[in-house]
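# Descriptive analysis of the structure
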Amino acid sequence: MALDSDPARLARVDDTLRRLRLVARTRAADARRPAAWWDGQPFEAIVLDAPCSGSGVVRRHPDIRWLRRPEDIAALAAVQAELLNALWPLLAPGGRLLYATCSIFRAEGDAQIDAFLQRHGPGGAHLEGLSPGHLLPLSDNWGTVTEASPADGFYYALLSKPHAP
Ligand SMILES: C[S@@+](CC[C@H](N)C(=O)[O-])C[C@H]1O[C@@H](n2cnc3c(N)ncnc32)[C@H](O)[C@@H]1O
């Protein structure tokens, strides 16, 4: 199931699914309001590709530098926290939630996930594997993608929900 609050964005997801001959349910809805779209079946896995400042992709979208305002970051971080809070209860015990943003800011990355882990306490949620990861578009990261161009900025954290004790 794929969810986006913007029907135009979702139409592009539908196009991609058709092109790849994949089948998925798509739904235009606010992910922060599961009562409107969730059938009550817990998810084994959730990918939260969260709305963010896009500060990690200004190389490809230079207009972001002019369009974003400092106060946008706190507002976006608040929406990200709301999305995490709304989606976490929908995850089955033992399930995993991948949180991702294309941002260079800690407010949308480490600080967001640190606050989430604090809210859930030591036994409530775990960080998995090599996460979190934060790639910054710095010159010493260039070689990890291509020698010719720097990487985009990107953050991810893979969270797992413990089984009931
Ligand atoms: C980084 S993009 C994800 C793009 C998506 N992975 C794709 O391939 O099309 C973040 C998306 O979150 C959507 N969004 C923002 N707030 C939302 C909300 N409250 N509920 C659901 N989607 C939301 C935006 O419309 C935007 O398309």
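Residues numbered from 1 in each chain as written. Predicted model: local features only at pLDDT ≥ 70, side-chain atom pairs only at ≥ 80, totals over all residues. Heavy atoms only, no water.

Before going further, it helps to spend a moment on the pattern of salt bridges. Taken as a whole and judged by the stated rule, the model has seven salt bridges. Of the charged contacts in the structure, one is a salt bridge between Asp30 and Arg32, with a shortest N-O distance of 3.0 Å. We classify Asp30 as partly exposed; its relative accessible area is 25%. Using a relative accessible area of 26% as the deciding quantity, one classes Arg32 as partly exposed. When the shortest N-O distance is used, the salt bridge between Asp152 and Arg59 registers 3.1 Å. Of this pair, Asp152 sits in the loop between helix 5 (142–145) and strand 7 (154–160) while Arg59 is found in the loop between strand 3 (43–49) and helix 2 (64–67), placing the two residues 93 residues apart along the sequence. (Salt bridge = Lys/Arg side-chain N within 4 Å of Asp/Glu carboxyl O. Buried < 20%, exposed > 50% of the residue type's maximum accessible area, 1.4 Å probe, protein only. Helix = DSSP H or I, 4+ residues; strand = E, 2+ residues; numbered from the N terminus.)

A separate point is the site of the ligand. Neighbouring residues of the ligand: 13 residues in total, closest Asp4, Ser5, Asp30, Ala31 and Asp49. In the model, a nitrogen atom of the ligand is placed 2.8 Å from a nitrogen or oxygen of the Asp30 side chain. Against a free-state accessible area of 600 Å², the protein chains account for coverage of 70% of the ligand. Its residues placed into classes, the shell around the ligand shows six nonpolar, one polar and six charged. (Near = heavy atom within 4 Å. Polar contact = N/O pair within 3.5 Å; in protein donor to acceptor, adjacent residues only side chain to side chain. Areas by Shrake-Rupley, 256 points an atom, 1.4 Å probe, with all protein chains shown as cover. Nonpolar A, V, L, I, M, F, W, Y, C, P; charged D, E, K, R; others polar.)

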